[in-house]
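# Descriptive analysis of the structure
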Amino acid sequence: MPDSQPRRPGDHAADATVSPDSSALTLCGARLTDGRVVDVRLRGGRIEAVGTAGSLPAPGARLDLRGHLLLPAPAEPHAHSDTALTADTAGPAPQHPDAIQRRATEAALLQLGHGATALRSHVRIGDVQGLAALEAVLQARRSLRGLADLTTVAMPRLLTGVAGADNLAMLRDAVKMGAGAVGGCPDLDPDPAGYAEAVLEVAAEHGCPVDLHTDGDDPARLARLAAMAGGMRQEVTVGPCAGLARLPGDTAARAAAQLAAAGVGVVCLPQGGCRGAECRGTAPVRLLREAGVRVAAGSGALRDPANPVGRGDPLEAAFLLASQSGLRPEHAYAAVSAEARRVMGLPEVRVEAGFPAELLAVRGDGLAGALSLAYSRVVVHRGRVVARTSAVREYCDSETGGGPGLPRQGRPESTGGP
């Protein structure tokens with residue numbers, strides 16, 4: 001199959017029929033997961049109306065989505081934008097703010113092309129670099145405005161003792177600068193409980209969410225974290241918790257129950273690890289779900305040394321949850337969409353009137369097929385098409401020259417469309 005490359009939405013202006021009301025966009029003939037074929041009218045960044053195909057007036061542009069499955073757009077709850085795309089760098093990756101900003105912007109656009117219209121990136125602060133990397137990623141966020149929503153989690157290396165005092169002050173400065181959440185990796189601090197307590201204290205002071213790295217292989221440490229987080233008004237998330245899968249079953253179940261009781265969510269990384277966690281593998285997703293834990297799935301490393309082949313594709317994460325963790329396709333997709341948005345504190349998205357117009361259209365008739373072969377995608381953010389990836393599969397003639405015509409991906413040519 002030829003390489004598929006995302007193209008700028010402006011390259012597809014001829015694909016839509018435009019009327020004077022350019023603020024509206026009607027998606028025509030899309031299939032929903034319940035089997036209905038509908039038109040969906042978008043206006044002002046929200047879904048204005050959903051009706052049977054052909055039933056809605058289309059005052060603005062029209063986009064033919066026949067042959068596509070229309071879904072709430074995925075969100076990326078665990079990225080590392082400051083280190084993305086550095087796997088092939090000879091020697092240390094450039095840490096100049098301009099280089100970090102370029103990497104963060106390119107990484108976000110790659111993930112946007114996959115369908116993620118909102119991303120949360122963990123960014124290292126402190127040590128020699130100070131707040132420079134965070135400032136660069138915040139600048140990337142500004143450059144992406146209107147294409148994707150990028151938020152940051154400030155990650156100090158140490159927070160306790162003499163070595164951590166400066167980082168604790170810097171963590172507070174990071175929140176004032178614009179970091180949307182506070183986090184880091186307590187497992188790497190000489191005093192993990194003290195680290196977690198410091199992060200929770202800063203979160204309570206500033207009213208921001210907490211998103212911590214942990215392997216989850218120490219049940220006593222998880223229990224202390226759950227006890228501390230239980231009284232928090234702010235959202236608390238941990239991940240990737242791959243070590244939890246290596247604990248005895250009853251111990252893991254008890255830890256999962258403690259997390260659920262404290263309202264702590266878990267972000268797993270089915271596609272591989274990240275720089276903030278040592279353990280490989282995936283958290284015990286079914287066990288966590290059965291205990292009542294909110295489980296989302298992220299991408300982790302995107303072609304950095306922690307995972308040189310990381311793709312940053314939420315649909316691949318959902319595919320792996322379905323194929324390897326045994327989740328039903330709808331639950332696997334919810335982990336990268338509805339549950340990811342929940343742990344990120346984002347509004348719910350449904351393909352219903354009144355909800356945010358954050359949507360992903362993929363070629364296919366059903367969710368299982370979309371997770372298996374979702375090559376062609378149309379991404380909608382705030383009511384407009386912001387990315388499109390088209391793929392065509394063709395075959396040469398067989399040697400016998402007989403038999404039925406050989407297929408190409410997608411619906412029959414007579415129907416047209418993207």
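Look up: the structure comes first, before these words.
Quick look at the structure, then. Just so it is clear, the model here is predicted, and its values are computed rather than measured.

### Focus: the packing of helix H8 (residues 314-323) against helix H9 (residues 329-336)
Packed helices, taken two at a time, are described by the angle their axes make and the gap between the axes. Remark: H8 packs on H9, axes separated minimally by 8 Å, with the N-to-C direction vectors making an angle of 140°. Judged on the interaxial angle alone, H9 and H8 are oblique. Two packed elements cross with a definite hand, and for H8 against H9 that hand is right-handed. Only Ala332, Tyr333, Ala335 and Val336 of H9 make contact with H8, whose side of the interface consists of Pro314, Leu315, Ala317, Ala318, Leu321 and Ala322. Split by residue class, the contact of H8 with H9 holds ten nonpolar, no polar and no charged.

### Overview of the pairing of strand S12 (residues 236-240)
Of all five residues in S12, five are buried, a share of seventy percent or more. Taken together, the five bridges between strand S11 (residues 210-214) and S12 define a ladder with parallel strand orientation. Counted as the bridge partner of His213 is Gly239 from S12. Taken together, the two bridges between S12 and strand S13 (residues 265-268) define a ladder with parallel strand orientation. By the bridge assignment, Val238 is partnered in S13 with Val266. In terms of handedness, the path from S12 via helix H6 (residues 249-262) over to S13 forms a crossover that is right-handed.

### Thoughts on the environment of Leu222
Take Leu222: it is sitting in helix H5 (residues 219-229). Spatially, the C-alpha atom of Leu222 lies 9.7 Å from that of Leu244, the residues being 22 residues apart in sequence. The contacts of Leu222, once residues within four sequence positions are left out, are Thr214, Gly216, Leu244 and Ala255.

### Examining the side chain of Thr117
Take Thr117: it is sitting in the loop between helix H1 (97-114) and strand S8 (118-125). Not counting residues within four places of it along the chain, the set of residues in contact with Thr117 comprises Ala73, Pro74, Leu112, Ala148, Asp149, Glu358, Val379, Val380 and His381.

### Digging into the sheet that holds S8
Two orientations exist for strands paired in a sheet by backbone hydrogen bonds: parallel and antiparallel. Spatially, eight strands are ordered S7-S8-S9-S10-S11-S12-S13-S14 in an open sheet, and the strand pairing comes out parallel. Among the strands making up the open sheet, the edge pair consists of strand S7 (76-79) and strand S14 (295-297). When strand polarity is set aside, the average angle formed by the axes of neighbouring strands in this sheet is 25°. One ladder, built from three bridges, connects S13 with S14; its direction is parallel. Bridged to Val267 within S14 is Ala296. Running at roughly 175° to strand S10 (residues 181-184), helix H4 (residues 192-206) makes contact with strand S9 (149-156), S10, S11 and S12 of the sheet.

### Topic: the pairing of strand S15 (residues 359-363)
Within S15, five of the five residues are buried, leaving the element largely enclosed by the surrounding structure. Summarising the sheet, strand S6 (residues 68-72) and S15 pair through five bridges and their orientation is antiparallel. Bridged to Pro72 within S15 is Leu359. As defined by bridge partners, S15 adjoins strand S16 (residues 377-381) across four bridges and the pair is classed as antiparallel. Note that in S16 the partner of Leu360 across the bridge is Val379.

### A closer look at unusual backbone geometry
A cis amide bond links Gly239 with the next residue in sequence, Pro240, at an omega value of 0°. One non-glycine residue with positive phi stands out, namely Asp127, at about 55°. Relative to the assigned elements, Asp127 resides in the loop between S8 and helix H2 (132-143). For Asp127, a relative accessible area of 42% puts it in the partly exposed group. Although it is not a glycine, Cys241 sits at a positive phi angle of roughly 60°. Mapped onto the elements of the fold, Cys241 is located in the loop between S12 and H6.

Rules and cut-offs
Residues numbered from 1 in each chain as written. Predicted model: local features only at pLDDT ≥ 70, side-chain atom pairs only at ≥ 80, totals over all residues. Heavy atoms only, no water. Axes fitted to C-alpha atoms, helices over the stretch in contact; angles between N-to-C directions. Helix = DSSP H or I, 4+ residues; strand = E, 2+ residues; numbered from the N terminus. Parallel < 35°, antiparallel > 145°, perpendicular 65-115°, else oblique. Left-handed = near helix turned anticlockwise from the far one by under 90°. Contact = heavy atoms within 4.5 Å. Nonpolar A, V, L, I, M, F, W, Y, C, P; charged D, E, K, R; others polar. Buried < 20%, exposed > 50% of the residue type's maximum accessible area, 1.4 Å probe, protein only. Pairing = 2+ DSSP bridges. Right-handed = clockwise from strand over helix to strand, strands pointing away.

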